[in-house]
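# Descriptive structure summary
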Amino acid sequence: MARIQSPPILSRMRGARSYADQVAALRALKDEIVGHVQNKDKWVELNILESLIKILQSSYSSSRLGGKEVRGQFGQPRSLADEEEVRLQALQLLASLANGGPSFLGPIHAVGAIPAILSNIFPLEHPPQLVLTALRALSNIADAASLALNSDDALRSLADNLFVSRYLDALYTILSSDSTAVLVQEQKSLVASLVIRLCREGHHQNALANAGVLDALATMLAEFVVLRGEVVPGAEIIGEADGLADMIPNPAPRGANLALVLEAISTIIADSRFRACMLLCSPAIMAIFPSTEFSPPAKDTRTAWNALEMSGLSNLRAKNPSAVDYLLPIVPVTQPRSLSSQLAQFPPLGFSLSRESLAPTGQTGATRFSGWTSTRLDSASLNGDAEADDPESPLIPWLIHLVRSTSGLERAMAASVVASLFKAGFANPEREVALGVLVVPPLCQLIKDHDNYVDPATQNSAFVEPSMAADWAILERTPAVLARLVADSEFLQQAAFESGALKMVCKLLKDSYEPMSTQPAPRPWSPNPDRGADRGDNRVGPPGRLPIYAHKIKTRESALKLIAAMVTFKDEYRKALVEQEIVPYIVESLSPVPSKPKMGKEKPKPERATEPVEPAVENPAYGSNPNSVIIAACHVMRILGRSVSNLRTALEDHGVAMPVFKLLAHPDVEVQIAACGAVCNLVTEFSPMREALVDAGIVKILCEHAHSLNPGLRLNSMWALKHLVHAVDNNLKKQCLEELESGWLVQLICDDTEDEALHARVRMERRMSDVDDDDEDMDALAYEDGTRVWLWPAMYLPAPSLFASRRSQSQRMLKAEKKLVTLREAEFNPTRKARNDDLAIQEQGLNFIRNLIGPPTPSSMTEMVDYVFNELGQDRLFEILASKLRVKVLHPFARRYSSGRDSRVLHPQAKVIEAVIYILVHMAASIPRHRQLVIAQTELLKLLGGYFSSKDIDVRRALCHLLNNLVWLDDSTDNLACQQRAQELRKLGFLAKLEGLQQADSDLDIRERAKAAVWQLKVNH
Amino acid sequence: MSSLSAAFSLEALDTNPAIRDLIFAHLRENIDRMTSSASTTTPAKHAFETRVAEVKAPKSDINALILDYLMMEGYPKAAANFSKEAKLQSQHDPSIQARQKISQAIHTGNIEVAITALNELNPEILDKDPALHFYLLRLQLVELIRGTNGGNNIIPALEFATHQLGPRAVMSPEFLKDLELTMCLLIFPHESLDPQLAALLHPDLRRQTARQVNEAILMRTTSRREAAIRHLVKMRAWAESSARSKKKDLPDHIELGLNSGDDNDINLDKNSHDPMITT
């Protein structure tokens, strides 16, 4: 290959008279640049990109004019027309240039290459070779973007370009093609891998699901089930009966990639109950996995089950094992466990992670550890029993089977899908045990097996051996999968712990802080070195990161997630974690520009935030932490802070306070929210860091955040403030209230800010789109962004199958659609979300007042009660408290716009009631004058009387507290007043109610407290 | 593999004997290269061998194996003929023609043509595999140097090395070593070379590079690197060595079994990579 001088090719290309000339020139150019980074540089500088884009645009428009005689031969490679050949060559060149790495991204974007490439991905209009090459070019650009210095932004903008309805349709068409051609399989793999790499945000996940991409992927998964011969026996007969038989797909063709399909599915369904349900209800999945009971022909298989059931180790009858269950070993279930019961056991310190679901879904879904729980419980209560009846889909045991029978990435990704389904609550509760013994240990082993030594040459190379790349992919993903699986389950955490996950993940995190080589990647040697000098107008951007760098950052995030997920419940594990000497690494992960983790004795100098902050410079050996890593580290801190002993030892020793404090002022609001969450536990009474944080000025910052427009930030900052004012001296308390502004506090606890804002927004939109004002349903549906009514793609999209119309008559499909609509409503209704946000913030606001007027000493309490009365206004405060106990109707005049099921009637929440009562408890614990004041609030007390029968144990306990305090006798001077108070309470009928509690309450503690209160009431008679 | 030999010796293949012999010869040569077993011990009927004799492999499996071999190694016409005669459904592999063309080009030392054809088939292969690209270019340099033979005009070779290989050599110490070695060819007369240097001029280098390229293409299209039969041979070797290490009762030497029959007249010509059948 002699070196061809550049201008001839260029002029040949530009001056080409015919397509054939152009093709020849482009081919020659291709041989020049493929695999030659330097030549790529040179040609980009010669403005080749612009010429390529021009070729793409002009030849495409001319082909449009030429008509579409080629339509309909979708999927079959055919010989290309001349102009198509030109475009193919141009696309190949683009793809090859993109392979040059991140430094080519700038020029590629500058000429608008993305739209030009995207216009070639429509499989119905273009021959498969072109579609394939266009997808390759996109994929290479995505690869380059993931190594760019600002990879998050680069990937996001690419995703925004790709995941719009036009192109989503194209992706759907590609994925649902039933061609077995190798070309088409590669197209499908590329689409799946694009989804995996680019889809990171909730709205993209929804867009993909709603465009039918999820269903197409589910069908591909079903093809693998068919290929493995694991379709539930009788599926066809059942399908014949209800019209789904046609949806049983053909076996997966050669060249299809199971790991990619699983990962793409898992990417789309992550963090949403609704999307998880869409997977289960996808026609192909329903067709091959009908929920039917199965009796194996060989009786002895069944015998083992029966034996277990006899000894009480399984409840088979309740479960109706499907055929797939017989593929799994039998797991004895000692006791039924459920997620919700565990959450209830968790000490109501008030910061259960479920609250994090409030954080808007902006960041990568997985940073929200258990966003599920609230939606789960919420919708469970909504749908009541209707859903409990639904049998588990055999897809879940099949995926567990798949975890056991595959290896490598396939195993990790099968587990990832099963984790999403399990967390969404679609698995039987008994599955928890099966997951613990059948899934968690192999996953841990997977990480161990692939944690291989990286030789120095690879560390410093832009090219990674495929086998090493596969190892890395597993190490990056598996810990996060494990994290999602175990986060809400003590049993699964135990399983992971016993498999050595904690030690392993600590090693992973430490490894990710092994200093990277600070040398730049080796640049190819150049035969004419003087060329370097005239690079002034070089349009090629800076080289990006090395693959090892991206790998380390991803591993860091993944490991931190697993660490946080392992220690949510047990102090024992937190202790084990600290013993791994991992805290310094977590502290460094809090910093956007980490440095060498400071070990044990070399204690960091106490930093002061007042010091001038020098502009942070990245230390190339440790890289820089993107926000996702920082947020994950904040979560770890938050959870570690739950242990008092950790607060006093490890966290204090490693100087956690200041790094977290600095993050409060981070420019990204998601980081601020996470930092507020971490601060919550650092400012508690037992924390030795509280003083330092107060000195650094945390009060001011938190109060500022409490004024934020972001409900998540408001919530977490109020939470932290609540902890901060607990048991401190009055000056600080007063300072807090001053800084927060009493007027704002009133607003926070009083108004339904989010709901109002939403309502205002909706109203405004209505006024803006005045076209059909009398459409009454408009408001209710306004949130359906664009599409007024949601259509289930599986039901309404044109399907490749000729019998598609039968789908819409299938009973199972109709039932599934109904379920999906309900779930969607529960998950995406903004009114519901706004209301939940408001309630959560109100609860924190009330608790803030409660702590303001709380202990340490009675005299200080008295002072604070007076101060609060003064600041907020005594009558207004009592009125607010009373209003919190009333049933409330939101926007009574707007009701005609809301559909019936979205009732706008608010019943007071137990947590809010509890907070109100405890404020009164503290007032009543002050001097007799304040007790008197409380007694005088007849209306308030009457409202309280209604809550003696509350289902919530904490509310009943608080009431007993209150009554005890109200009839408390300070000294003899209070004697008369005390009797009056008792009299008043009896008049309100409280004695009878207390006696009721004393006799009939299910809880011993409540009975005892009620007894004491009854005694006091009677004594003071 | 012994089952395979059993099937062969039983004349299980009722195909054209000429094709069969050619295939046997071909398989044998390729497989012998992989397993360095060449001794000939006298067969004292061993228990193992009687067991082997009892195993009968289905004819269709054997035929499928052979077809797979022909497809993967890139013999489109032989594959087509074979599948016609053995009444197998011929599989469609779009890359097989291109693979044959590329292999042929490499075997004849026409590397530039091979690279162009490879880029036409799928430009990603060379773009994403710098090592493979380096080996191809190095072979091209060797061919250039071979052309100079004795040093009448070494300028093109020097130019090529400077512009194509030089920039890459820094990327990896291995590349650098290979390049240096290749450049030595310019200095020493080709008639009396070190074995190390002589190896570069030996056709084996072409063969090896051609195989690497073929495997790289196969990985892309079928995610399999080699024909199933090669895999079976390796598995057999592994099974034998692990059985021996566990002191199982085995004959001292187990024939690969492809040398059965009296086809000694087929000579194993070195240039077997040319198309076997010209129709």
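The name that an unreviewed UniProt entry assigns to chain B is CTLH/CRA C-terminal to lish motif domain-containing protein, with the source organism given as Cercophora scortea. Looking at the Function (unreviewed entry) heading of the UniProt record, one finds this comment for chain B: "Involved in the proteasome-dependent degradation of fructose-1,6-bisphosphatase."

Taking an unreviewed UniProt entry as the reference, chain A is identified by name as Armadillo-type protein belonging to Cercophora scortea.

Per the secondary structure count, chain B includes 14 helices and 0 strands. Every one of the 279 residues in chain B was classed for burial, and the buried ones make up 48%. Sequence separation of at least 24 residues holds for 69% of the intrachain contacts in chain B that already meet a minimum separation of 6. For chain B, the exposed area adds up to about 14,600 Å²; of that, 55% sits on carbon and sulfur atoms.

Here we come to the overall build of chain A. Regarding its fold elements, chain A presents 56 helices and 2 strands. Within the span of chain A, comprising 1021 residues, buried residues form 58% of the whole. Sequence-distant contacts in chain A: of pairs separated by 6 or more residues, those separated by 24 or more amount to 80%. Summing over all exposed atoms, chain A offers an accessible surface of approximately 41,100 Å²; the carbon and sulfur share of this is 54%.

It is worth spelling out the state of the cysteines at this point. Applying the stated criterion to the full structure yields 0 disulfides over all chains. The thiol of Cys676 of chain A is unpaired, and the distance to the nearest cysteine sulfur, on Cys680 of chain A, comes to 7.3 Å.

Of the residues lining the interface, 30 residues belong to chain B; the matching set on chain A comes to 30 residues. Surface buried jointly by chain B and chain A totals about 2,600 Å² across both partners, of which 51% is contributed by carbon and sulfur atoms. Looking at the side of chain B facing chain A, the largest losses of area belong to Glu120, Asp127 and Lys128 of chain B, adding up to 20% of the total buried there. Connecting chain B to chain A are 3 salt bridges. For Glu120 of chain B, the salt bridge goes to Lys30 of chain A, with nearest N and O atoms at 3.0 Å.

Attention now moves to the environment of Leu702 of chain A. Residue and element names in this part refer to chain A. The residue Leu702 is located in helix α38 (residues 698–706) in this model. Judged by relative accessible area, Leu702 falls into the buried class, the value being 0%. Excluding its chain neighbours within four sequence positions, the residues that come into contact with Leu702 are Cys676, Val679, Ser717, Ala720 and Leu721.

Positionally, Glu825 of chain A belongs in helix α46 (residues 811–828). For the pair Glu825 of chain A and Phe274 of chain A, spaced 551 residues apart in sequence, the C-alpha to C-alpha distance is 9.1 Å.

Counted by the stated rule, this structure contains 42 salt bridges over all chains. The residue Asp488 of chain A makes a salt bridge to Lys423 of chain A at a minimum N-O spacing of 3.5 Å. Within this pair, whereas Asp488 of chain A is found in the loop between α27 (466–486) and α28 (490–498), its partner Lys423 of chain A is found in helix α24 (residues 408–423), the two being separated by 65 residues in sequence. The salt bridge involving Glu704 of chain A is made with Lys700 of chain A; its shortest N-O contact spans 3.6 Å. Note that Glu704 of chain A and Lys700 of chain A are positioned in helix α38 at a spacing of 4 residues, about one turn of the helix. For Glu704 of chain A, a relative accessible area of 47% corresponds to the partly exposed category. The exposure class assigned to Lys700 of chain A is partly exposed, which follows from its relative accessible area of 46%. Each of Arg27, Lys30 and Glu85 of chain A together with Glu120 of chain B takes part in a single network of salt bridges with overlapping partners.

Below, the discussion takes up the packing of helix α50 (residues 910–924) of chain A against helix α53 (residues 953–966) of chain A. Residues and elements named next belong to chain A. At a minimum axis distance of 9 Å, the contact between α50 and α53 shows a crossing angle of 15°. As the angle between them shows, α50 and α53 are arranged roughly parallel. Crossing of α50 over α53 shows left-handed handedness. Packed against α50, whose contacting residues are Ala910, Ile913, Glu914, Ile917, Tyr918, Leu920, Val921 and Ala924, the element α53 presents Asp954, Val955, Ala958, Leu959, His961, Leu962, Asn965 and Leu966 at the interface.

Here we take up unusual backbone geometry. Residues and elements named next belong to chain A. In the Ramachandran plot, Asn47 falls in the positive-phi region, its phi being about 70° despite a non-glycine side chain. Asn47 sits in the partly exposed class, given a relative accessible area of 26%. The phi angle at Asp271 is positive, at roughly 65°, despite the residue not being glycine. Among the structural elements, Asp271 can be located in the loop between α15 (258–269) and α16 (273–281).

Residues and elements named next belong to chain A. On the surface, a cluster of negative charge is contributed by Glu738, Glu739, Glu741 and Glu871. Its place among the elements puts Glu738 in helix α40 (residues 730–740). With relative accessibility at 56%, the residue Glu738 sits in the exposed group.

Residue and element names in this part refer to chain A. Within chain A, residue pLDDT values average 77, and 78% of them lie at 70 or more. Within chain A, the lowest mean pLDDT, 36, falls on helix α21 (residues 371–383), and the highest, 93, falls on α15. Scored below 50 in pLDDT, residues 531–538 shows 3 contacts in the model against residues more than four places distant or in partner chains. Of the regions scoring below 50 in pLDDT, residues 894–902 engages in 16 contacts with residues more than four places distant in sequence or in other chains.

Residues Leu232, Met235 and Trp238 of chain B make up a contiguous nonpolar surface patch of roughly 330 Å² in combined accessible area. Assessed through its relative accessible area of 60%, Trp238 of chain B is described here as exposed.

Residues and elements named next belong to chain B. Under the 1.5 Å per step criterion, the end-to-end length of helix α4 (residues 59–73) is 21 Å for 15 residues, consistent within 8% with the ideal 21 Å. Burial runs high along α4: 11 of the 15 residues are buried. Phi turns positive, to about 85°, at Gly74, one or two residues after α4.

This next bit is on helix α12 (residues 202–210) of chain A. The set of residues buried in α12 of chain A consists of Gly202, His204, Gln205, Asn206, Leu208 and Ala209 of chain A. Phi for Gly212 of chain A, located one or two positions after α12 of chain A, is positive at around 90°.

To continue, consider the packing of aromatic side chains. All names here are of chain A. Inspection of the entire model under this criterion finds 8 aromatic pairs over all chains. For the ring pair Tyr513 and Tyr585, a centre distance of 5.9 Å and an interplane angle of 55° mean the geometry is tilted. Of this pair, Tyr513 sits in the loop between α29 (501–512) and α30 (547–566) while Tyr585 sits in helix α32 (residues 583–589), and the two are 72 residues apart along the sequence. Judged by relative accessible area, which is 3%, Tyr513 ranks as buried. Taking the relative accessible area as the measure of exposure, Tyr585 reaches 14% and is therefore buried. A cation sits over an aromatic face here: Arg273 above Phe426, 5.0 Å from the ring centre. The cationic tip of Arg850 hangs over the ring face of Tyr918; the distance from NZ or CZ to the ring centre is 4.2 Å.

Calculation notes
Residues numbered from 1 in each chain as written. Chains lettered and ligands numbered in written order. Predicted model: local features only at pLDDT ≥ 70, side-chain atom pairs only at ≥ 80, totals over all residues. Heavy atoms only, no water. UniProt positions renumbered as here; feature names shortened; annotations may be inferred. Helix = DSSP H or I, 4+ residues; strand = E, 2+ residues; numbered from the N terminus. Buried < 20%, exposed > 50% of the residue type's maximum accessible area, 1.4 Å probe, protein only. Contact = heavy atoms within 4.5 Å. Areas by Shrake-Rupley, 256 points an atom, 1.4 Å probe, with all protein chains shown as cover. Disulfide = S-S within 2.5 Å. Buried area = accessible area lost by both parts, 1.4 Å probe. Salt bridge = Lys/Arg side-chain N within 4 Å of Asp/Glu carboxyl O. Axes fitted to C-alpha atoms, helices over the stretch in contact; angles between N-to-C directions. Parallel < 35°, antiparallel > 145°, perpendicular 65-115°, else oblique. Left-handed = near helix turned anticlockwise from the far one by under 90°. Patch = residues over 30% accessible without salt bridge, like charges linked within 9 Å, V, L, I, M, F, W, Y side chains within 5 Å. Lys, Arg positive; Asp, Glu negative; His and termini not counted. Charge placed at Lys NZ, Arg CZ, Asp CG, Glu CD. pLDDT = per-residue confidence, 0-100. Expected span 1.5 Å × (residues − 1). Phe/Tyr/Trp six-rings, centres within 6.5 Å; stacked < 30°, edge-to-face > 60°. Lys NZ or Arg CZ within 6 Å of the ring centre and 35° of its normal.

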